[in-house]
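The chain contents come next:
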Amino acid sequence: MSRNAELFDRACRSIPGGVNSPVRAFRSVGGTPRFVARAQGPYLWDADDKRYIDYVGSWGPAILGHAHPEVVKAVQEAAVHGLSYGAPTEGEIRIAEMLIERLPSLEMVRLVSSGTEATMTAIRLARGATGRNKIVKFEGCYHGHADSLLVKAGSGLLTFGNPTSAGVPPEFVAHTLVLDYNDTAGVQAAFAEHGKDIACVIVEPIAGNMNLVKPAPGFLEALRSECTAHGALLIFDEVMTGFRVGPQGVQGLTGIKPDLTTLAKVIGGGMPIGAFGGRADVMKHIAPLGAVYQAGTLSGNPVAVAAGIKTLELLSAPGFYDKLAAQTRKLTDGLAASARAHGIPFSADSVGGMFGIYFADQVPGGLAAVSASDIERFKVFFHAMLDEGVYFAPSAYEAGFVSSTHDDAVIGATLAAADRVFSKLAK
Ligand SMILES: *Cc1c(COP(=O)(O)O)cnc(C)c1O
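Quick caveat, the model's predicted, so the values are computed rather than measured. (Residues numbered from 1 in each chain as written. Predicted model: local features only at pLDDT ≥ 70, side-chain atom pairs only at ≥ 80, totals over all residues. Heavy atoms only, no water.)

**Remarks on the overall build of the chain**
Here's step 1: Scanning the chain for helices and strands turns up 13 helices and 16 strands.
Here's step 2: Projected onto its principal axes, the C-alpha coordinates of the chain cover approximately 60 × 55 × 50 Å.
Here's step 3: Within the chain, the proportion of its 427 residues that are buried is 55%.
Here's step 4: Here the contacts in the chain between residues at least 6 apart in sequence split such that 71% fall between residues at least 24 apart.
Here's step 5: Of the accessible surface of the chain, which amounts to about 17,600 Å², a share of 55% is contributed by carbon and sulfur atoms.
Here's step 6: Charged side chains in the chain number 37 positive and 41 negative. The centres of these two groups are separated by 2 Å. (Helix = DSSP H or I, 4+ residues; strand = E, 2+ residues; numbered from the N terminus. Buried < 20%, exposed > 50% of the residue type's maximum accessible area, 1.4 Å probe, protein only. Contact = heavy atoms within 4.5 Å. Areas by Shrake-Rupley, 256 points an atom, 1.4 Å probe, with all protein chains shown as cover. Lys, Arg positive; Asp, Glu negative; His and termini not counted. Charge placed at Lys NZ, Arg CZ, Asp CG, Glu CD.)

Take a look at the structure:
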C-alpha cells in the first residue's frame with residue numbers, strides 16, 4: 001500500500017472524509033488524494049516522495065512558487081516577535097496602505113482571516129449600509145461558505161434561491177437572488193422587479209470556481225450601471241483574482257470600480273488572511289465607527305501580515321505580471337495545440353497567472369457550458385497527468401494557477417507529459 005493510501009485511511013478515521021476542505025478528497029475524480037510532505041518553487045512532493053509539477057498552488061496563494069525564500073524569511077522574522085497580540089500593529093497599517101495604493105477602488109480596508117469571512121462581512125456591511133436585505137449572486141460563482149451564499153437558483157426565473165447545503169434553513173437564503181453568469185438581461189430584469197430592495201450584487205468579476213469563465217463584453221459594465229441606478233452596492237469578490245490576474249485585479253483590467261472588494265489567497269502569501277475594503281463612506285458603517293458588527297481574535301495576525309507584505313512587495317517587480325501571463329499562455333496554448341493534434345476536443349483560456357482547461361471545442365461562458373464539457377475525459381486526463389508527475393486541480397470545475405517559478409523547463413516538461421497523455425486518450 002502506498003503511504004498516501006495509508007495516510008488517507010488513517011485520516012478518514014479522525015477527520016470527516018480525511019480532509020479539512022472537501023475538494024482535496026478527490027471525490028470528483030476518484031482515487032486517493034496525495035498527502036503533501038513538502039513543496040518548493042513549482043513542485044510538490046507527496047508522502048511517497050513522488051514529485052509533481054503543481055498547478056494548484058494552494059488554490060492561488062503560491063503565486064511566487066512554494067516556500068519563496070524571502071517570504072519564508074519574513075515569516076520567521078515575524079514569528080520571533082510573537083505569534084499574535086490581539087492589539088494593533090504597524091504591519092497592519094502597512095499592508096492596508098499597500099492594498100489601498102494598489103487597488104484603485106479601495107479607500108479603507110479591514111483585515112480578516114479568510115476569504116469566507118471577507119465575503120460574509122462584505123454582505124453584512126452592504127445590507128447594513130443600504131438598509132436593504134436582498135442580495136444578488138450568480139450561479140457557479142463561489143464566495144465562501146457563509147449561509148446566505150450557499151444557494152442555487154430556484155425553479156423559475158427571478159425566484160429566490162434554494163440552499164445547496166444541508167443545515168442552511170431556506171429562510172436564510174430567502175433574500176438571495178441567483179442569476180446566470182453573463183446574463184445581462186437577467187440582471188436588468190432582476191433590478192426592474194426588485195431594485196429598491198437589493199443591497200448588493202456580489203460577483204467573481206472573472207470566475208474561477210466553475211473552472212475559468214470570463215465575463216462577456218458588457219456584463220460587468222451592466223452590473224455597475226444597474227447598481228448605481230438603483231442605489232445598490234457592487235461587490236467584486238477578488239479573493240481569487242486579486243493580484244493573480246494582474247497588479248490591480250479585475251478592476252485594473254476593466255477599469256470598473258466596485259463599491260466593495262473582497263480579497264484573500266495571494267495577499268497572505270500562503271498564510272491565513274482575508275480583507276474587505278472599498279468606499280470610505282461605506283466602510284465607516286463597520287464597528288467601532290458604525291453599527292455593522294465584525295471582529296476577529298486573529299484578524300491582522302502579525303505573521304500572516306508579514307508574509308502578505310513581502311509577497312505584495314515581490315509582486316511589484318517590474319514586468320512580473322507580463323512574464324507570468326506569458327508563461328501561463330505558453331502552457332494553455334501548448335496544451336490546446338497538443339490535444340487538437342491528437343484530435344481531442346479541447347480548449348483553454350487564461351488571464352494573468354490563472355487558467356482554465358476544458359474538454360470542449362469552445363471556451364465555456366457559464367456553468368451550464370462547463371457542465372456540458374467531457375468531464376469523464378477530464379478525469380482520465382487528470383489521473384494520467386498525476387501518474388506523469390503533474391498535479392492539476394482534482395475537479396473539472398476549478399481554475400488552475402501558474403507561479404513565477406514555472407519556467408520554460410517546467411512548462412516544457414508539462415507539455416511533453418500532456419502530449420503522451422493526449423496520445424493515449426485519442427486511442
Ligand atoms: C477561495 C474563494 C473564497 C473563499 O475563501 P476562503 O479563504 O477559502 O474562505 C471566496 N471567494 C472566492 C472567489 C474564492 O475563490
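**Considering the packing of helix H10 (residues 320-341) against helix H13 (residues 408-425)**
Here's step 1: Between H10 and H13, the shortest axis-to-axis distance is 9 Å and the interhelical angle comes to 20°. It follows from the interaxial angle that H10 and H13 lie roughly parallel. For the crossing formed where H10 meets H13, the hand is right-handed. When H10 is examined against H13, the residues Gln327, Lys330, Leu331, Gly334, Leu335, Ser338 and Ala339 are found in contact with a partner set consisting of Asp408, Ile411, Thr414, Leu415, Ala418, Asp419 and Phe422.
Here's step 2: Per-class residue counts for the contact of H10 with H13 are seven nonpolar, four polar and three charged. (Axes fitted to C-alpha atoms, helices over the stretch in contact; angles between N-to-C directions. Parallel < 35°, antiparallel > 145°, perpendicular 65-115°, else oblique. Left-handed = near helix turned anticlockwise from the far one by under 90°. Nonpolar A, V, L, I, M, F, W, Y, C, P; charged D, E, K, R; others polar.)

**Looking at the domain arrangement of the chain**
Here's step 1: According to the domain assignment, the chain consists of domain 1 (3-67 + 318-425) and domain 2 (69-315).
Here's step 2: A separation of 26 Å is found between the C-alpha centroids of domain 1 and domain 2.
Here's step 3: Contacts between domain 1 and domain 2 engage 31 residues on the former and 31 residues on the latter.
Here's step 4: When domain 1 packs against domain 2, close to 2,400 Å² is buried across both sides, 64% of that on carbon and sulfur atoms.
Here's step 5: The interface formed by domain 1 and domain 2 holds one salt bridge in total.
Here's step 6: Ionic pairing is found between aspartate 349 and lysine 214, a salt bridge with its closest N-O pair at 3.0 Å. (Domains from an automatic or database assignment. Buried area = accessible area lost by both parts, 1.4 Å probe. Salt bridge = Lys/Arg side-chain N within 4 Å of Asp/Glu carboxyl O.)

**Points about the sheet that holds strand E1 (residues 36-40)**
Within a sheet, adjacent strands bond to each other through the backbone by hydrogen bonds, running parallel or antiparallel.
Here's step 1: As summarised here, the arrangement of the four strands in space is E1-E2-E3-E15, forming an open sheet in which the pairing is mixed. Edge positions in the open sheet fall to E1 and strand E15 (390-391), since each of these has one partner strand only.
Here's step 2: Against the sheet, H13 touches strand E2 (43-46), strand E3 (51-54) and E15, its axis set at about 105° to E3. (Pairing = 2+ DSSP bridges.)

**Considerations on the side chain of glutamine 327**
Here's step 1: Tracing the backbone through its elements, the reader meets glutamine 327 in helix H10.
Here's step 2: Contact partners of glutamine 327, with chain neighbours within four places excluded, come to Val402, His406, Asp407, Asp408 and Ile411.

**Topic: the site of the ligand**
Here's step 1: The environment of the ligand is formed by Ser114, Gly115, Thr116, Tyr142, His143, Gly144, Glu204, Asn209, Asp237, Val239, Met240 and Lys265.
Here's step 2: Contact distances for the ligand include 2.7 Å between a nitrogen atom and a side-chain N or O atom of aspartate 237.
Here's step 3: Between an oxygen atom of the ligand and a side-chain N or O atom of lysine 265, the distance comes to 2.6 Å.
Here's step 4: For the ligand, whose unbound accessible area comes to 380 Å², protein coverage reaches 83%. (Near = heavy atom within 4 Å. Polar contact = N/O pair within 3.5 Å; in protein donor to acceptor, adjacent residues only side chain to side chain.)

**Structural notes on the environment of lysine 214**
Here's step 1: Turning to its location among the elements, lysine 214 is positioned in the loop between strand E9 (198-203) and helix H6 (219-230).
Here's step 2: Here lysine 214 is in contact with Tyr181, Asn182, Ile206, Asp349, Ser350 and Val351, once residues within four sequence places are set aside.
Here's step 3: One polar contact links the side chain of lysine 214 to the main-chain carbonyl oxygen of serine 350, over a distance of 3.0 Å.

**So, the sheet that holds strand E16 (residues 400-401)**
Here's step 1: If you walk across this open sheet you meet the three strands as E13-E14-E16, and the pairing is antiparallel. If you trace the sheet from one side to the other, it starts and ends with strand E13 (347-351) and E16, each paired once.
Here's step 2: In this sheet, E16 lies alongside strand E14 (residues 354-358) in antiparallel orientation, the contact comprising two bridges. Opposite phenylalanine 355, over in E16, you have glycine 400 as the bridge partner.
Here's step 3: Against the sheet, H10 touches E13 and E14, its axis set at about 175° to E13.

**Remarks on helix H5 (residues 184-194)**
Here's step 1: Those residues of H5 lying buried are Gly186, Val187, Ala190, Phe191 and His194. For H5, the angular spread of buried residues about the axis comes to 135°, placing them on one side. In this structure, H5 carries Ala192 and Glu193 as exposed residues pointing more than 90 degrees from its buried face.
Here's step 2: The inward-facing, buried residues of H5 contact strand E5 (134-138), strand E8 (176-179), E9 and H6. (Arc of directions from axis to C-beta.)

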